[in-house]
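# Structural features, examined
What follows is each chain in one-letter form.
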Amino acid sequence: MSTSLRSGMILLALSALLVSAVACGGKQRSRSGSAAATDTAATTPAATQAAPASVRFIHAVANAGAATLMAGETQLVSNLAALSWSQQRVDVPSGAHNVRAMVGGNAVANADLTFSAGGAYTVIVLGDASSRVRDTMPAVVQIRDNLSAPPSGQAHVRLLHALPGTGAVTLTDDAGGTFGSAVSYRAASRERAVPAGNRRMQARLNNNPVANIAMNLAEGRIFTFLLLQGASGPQLLAITDRAR
């Protein structure tokens, strides 16, 4: 074999090896790039879900049976006895919900309610189960709660008016203190800071006492005084929350 032919064959072999090496390198880079993309996708955080609302439910219809509160097909609280409330707050997904109060399998009241993410609320079923007057028939009402801490040495108080057929009522105490302006039916007063200690709280209508309750206002606590129709007449109850 001539020297020139031998040299040509060597060059062809070297060229083939070079092409093969380039092709393998490209495939390796491609595989590495795909792996990197996969790793990046795997470590991308999922979308953050909105925080739920914190809700307390109250059943204030004295002449109705135990109530179950529903939002769509979701049960929020079950078999809540009349004149009672959920001892623990319930997490409810933020957003709009049609909330129904069910008694004996029948809806006695409902309302379209909107809960903001992380917000605190009271949802109360109030009214007179025997009433045929729109203003006093059972209804589902939403109240916004303020769970911020009171100043040192004090408690927060407010009045929630759930006594049907009664005009605006004021929250006072036996020491002559008045806590906020008069509150209409289905509404709540704004929180007021008061010195902690024992006192008798009163709900007054036209300066006349309607109901009262003796209470130790513990420092740092939040008190909602609930005026409603009890088994034997108007009654003032106290619901306590911790600040958050």
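Report follows, based on the coordinates. (Residues numbered from 1 in each chain as written. Predicted model: local features only at pLDDT ≥ 70, side-chain atom pairs only at ≥ 80, totals over all residues. Heavy atoms only, no water.)

### Quick look at the layout of surface pockets
In this structure, the largest pocket encloses a volume near 220 Å³. In terms of lining, the largest pocket is formed by Arg56, Trp85, Gln87, Gln88, Arg89, Leu147, Arg221, Ala238, Ile239, Thr240, Asp241 and Arg242. Looking at the lining of the largest pocket, the element that brings in the most residues is strand 16 (residues 233–242), giving five residues. (1 Å grid on protein atoms, 1.4 Å probe; cavity = no way out; pocket = protein on both sides within 12 Å on 5 of 7 lines; lining within 4 Å. Points joined across faces, edges and corners; volume = space filled by probe spheres on them. Helix = DSSP H or I, 4+ residues; strand = E, 2+ residues; numbered from the N terminus.)

### Considerations on the packing of aromatic side chains
Each pair of aromatic rings is reported with the distance of its centres and the angle of its planes. Applying the stated criterion to the full structure yields two aromatic pairs. Between Phe115 and Tyr121, the ring centres sit 5.2 Å apart and the planes meet at 90 degrees, which makes this aromatic pair edge-to-face. Owing to a relative accessible area of 5%, Tyr121 belongs among the buried residues under this scheme. Ring geometry for Phe223 versus Phe225: centroids 6.2 Å apart, planes at 15 degrees, classification stacked. Taken individually, Phe223 and Phe225 each receive the classification buried, so the pair is uniform in this respect. (Phe/Tyr/Trp six-rings, centres within 6.5 Å; stacked < 30°, edge-to-face > 60°. Buried < 20%, exposed > 50% of the residue type's maximum accessible area, 1.4 Å probe, protein only.)

### Considering the nonpolar core
Val55, Phe57, Leu69, Phe115 and Val140 are the most contacted members of the largest nonpolar core, which has 22 residues in total. Counting only elements with at least two residues in this core, the list comes to strand 1 (53–59), strand 2 (67–71), strand 3 (74–80), strand 6 (95–103), strand 7 (106–115) and strand 8 (120–126). When residues of this core are assigned to their parent elements, the largest contribution, four residues, is made by strand 7. Apart from the residues within four sequence positions on either side, Val140 is in contact with Val99, Ala101, Ala109, Asn110, Ala111, Leu113, Val123, Ile124 and Val125. Phe223, Leu227, Leu236 and Ala238 belong to the second-largest nonpolar core, a separate cluster that totals 19 residues. (Core = buried A, V, L, I, M, F, W, Y, C linked by side-chain atoms within 4.5 Å. Contact = heavy atoms within 4.5 Å.)

### Structural notes on the environment of Val194
Among the structural elements, Val194 can be located in strand 12 (residues 192–195). Taking the relative accessible area as the measure of exposure, Val194 reaches 3% and is therefore buried. C-alpha of Val194 to C-alpha of Leu217: the two residues are 23 residues apart in sequence and 8.5 Å apart in space.

### Examining empty space enclosed by the protein
For the structure shown, the criterion picks out one cavity of 30 Å³ or more. If you go around the largest cavity, you meet 13 residues; those closest to its centre are Thr122, Asp145, Arg158, Thr224 and Asp241. Elements supplying a minimum of two residues to the lining of the largest cavity: strand 1, strand 15 (221–230) and strand 16.

### A closer look at the pattern of salt bridges
One pass over the structure, following the stated rule, counts six salt bridges. With a closest N to O distance of 3.8 Å, Glu191 and Arg158 form a salt bridge. With Glu191 in the loop between strand 11 (170–173) and strand 12 and Arg158 in strand 10 (residues 154–162), this pair connects stretches of sequence that are 33 residues apart. By relative accessible area, Arg158 is classed as buried at 5%. Connected through salt bridges with shared partners, the residues Arg56, Arg89, Asp145, Arg158, Glu191 and Asp241 form a single ionic network. (Salt bridge = Lys/Arg side-chain N within 4 Å of Asp/Glu carboxyl O.)

### Details of the sheet that holds strand 2
An order of 3-2-6-7 is seen for the four strands of this open sheet, with the pairing classed as antiparallel. At either margin of the open sheet sits one strand with a lone partner, and together these are strand 3 and strand 7. Between one strand axis and the next, the sheet turns through 15 degrees on average, direction left out of account. (Pairing = 2+ DSSP bridges. Axes fitted to C-alpha atoms, helices over the stretch in contact; angles between N-to-C directions.)

### Digging into the pairing of strand 2
For a regular strand, side-chain orientation follows a simple rule: the groups alternate between the two sheet faces. The element strand 2 is extensively covered by neighbouring structure, given that five of its five residues are classed as buried. The two faces of strand 2 match: Ala67, Leu69 and Ala71 on one face and Thr68 and Met70 on the other face are all buried. One ladder, built from four bridges, connects strand 2 with strand 3; its direction is antiparallel. Bridging from a neighbouring strand, Ala71 pairs with Thr74 of strand 3.

### Focus on the side chain of Arg158
A distance of 2.9 Å separates the side chain of Arg158 from the side chain of Thr224, its partner in a polar contact. Not counting chain neighbours up to four residues away, the residues in contact with Arg158 comprise Thr122, Ile143, Arg144, Asp145, Leu171, Ala188, Ser189, Arg190, Glu191, Phe223, Thr224 and Phe225. (Polar contact = N/O pair within 3.5 Å; in protein donor to acceptor, adjacent residues only side chain to side chain.)

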